[in-house]
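In case you want the letters, here they are:
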Amino acid sequence: MEQDRNPMPRIGDLAPEFTAKTTQGDIHFPDDYKGKWVIFFSHPADFTPVCTTEFMTFANMNEEFQSLNTQLVGLSVDGLYSHIAWLMTIRDKIEYKGMKNIDVQFPLIDDISMKVSKLYGMLQPNESETAAVRAVFVIDPMGKIRAMIYYPLSLGRNIQEIKRILIALQTADSYNVAMPAEWQPGDEVIIPPAGSCGTAKDRMDKKEDPTMKCYDWFFCTKLLSADEVMKVVKKK
Ligand code: BEZ
């Protein structure tokens with residue numbers, strides 16, 4: 001219904017605040033995670049197959065996210081007891097792609113009231129009236145939303161891509177660079193565009209920095225080794 005549609009938060013906004021019950025106790029979001037990056041994601045429903053594969057994969061990679069100073073927080077519009085029962089089923093019964101006995105140790109929010117999913121635009125009624133879509137919010141240590149991804153109900157997320165986004169944003173912040181399409185640590189990175197005609201000419205004449213590679217005056221890159229990337233993204 002139209003009156004239930006909330007404006008969605010946008011990239012650059014402060015993450016909307018809320019308190020909620022979770023499988024790891026009550027949380028005050030995003031304050032409890034100040035100083036960390038947060039991956040806040042919704043899923044449509046407990047005890048559903050695509051969501052089960054996503055949770056197993058997130059939980060299996062939790063240490064990798066922790067080593068990126070990142071906290072995972074999940075949400076669905078199911079209640080706490082359903083969450084607990086589903087996570088116990090995953091741990092005790094499900095073996096999938098070599099993953100078994102997977103213990104989901106990050107919080108899963110009870111949002112049976114839909115208060116939080118409405119606040120974050122996770123309910124998209126033309127996809128489903130009753131379930132959240134697969135939303136992902138990447139929130140930085142200052143509580144600012146830095147990236148958002150939305151997937152439909154029928155498609156499980158690429159968790160490696162979510163990890164790549166975190167590494168890319170942390171690298172961009174530390175080195176004041178941008179990342180090209182398909183970037184992976186160790187690939188060339190894009191340096192800020194020339195701010196004057198003189199700099200543009202110097203770059204094309206290779207006078208500013210001989211290690212820089214310019215495809216044109218507005219499009220210059222430099223090498224940033226995987227070691228240099230990992231130096232700034234490893235756990236603070
Ligand atoms: C699933 O996670 O498998 C799923 C959830 C809601 C709708 C369709 C699929």
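Everything discussed here concerns the structure shown above.
Calculation criteria
Residues numbered from 1 in each chain as written. Predicted model: local features only at pLDDT ≥ 70, side-chain atom pairs only at ≥ 80, totals over all residues. Heavy atoms only, no water. Buried < 20%, exposed > 50% of the residue type's maximum accessible area, 1.4 Å probe, protein only. Helix = DSSP H or I, 4+ residues; strand = E, 2+ residues; numbered from the N terminus. Pairing = 2+ DSSP bridges. Axes fitted to C-alpha atoms, helices over the stretch in contact; angles between N-to-C directions.

A. View of the pairing of strand 3 (residues 37–42). Counted residue by residue, strand 3 has 6 buried out of 6 residues, so it is predominantly covered. By the alternation rule, side chains of strand 3 split into Trp 37, Ile 39 and Phe 41 and Val 38, Phe 40 and Ser 42, which are all buried. In this sheet, strand 4 (residues 70–76) lies alongside strand 3 in parallel orientation, the contact comprising 6 bridges. Bridge pairing links Val 38 to Gln 71 in strand 4. Pairing analysis gives 4 bridges linking strand 3 to strand 6 (residues 134–139), with the strands arranged antiparallel. Opposite Val 38, over in strand 6, you have Ile 139 as the bridge partner.

B. Inspection of the sheet that holds strand 7 (residues 145–151) at higher detail. Reading across the sheet, the 5 strands line up as 5-4-3-6-7 and stay open at both edges, with mixed pairing between neighbours. At either margin of the open sheet sits one strand with a lone partner, and together these are strand 5 (108–110) and strand 7. Geometrically, the sheet is characterised by an average inter-axis angle of 20° between neighbouring strands, direction not taken into account.

C. Spatial organisation of the sheet that holds strand 9 (residues 213–216). Taken in spatial order, the 3 strands line up as 8-10-9 in an open sheet, and their pairing is antiparallel. Sheet topology places strand 8 (188–190) and strand 9 at the edges, where each strand pairs with a single neighbour. For this sheet, the mean angle separating the axes of adjacent strands, direction not counted, is 30°. In terms of strand pairing, strand 9 meets strand 10 (residues 219–223) through 3 bridges, oriented antiparallel. In the sheet register, Asp 216 faces strand 10, and the bridge partner there is Phe 219.

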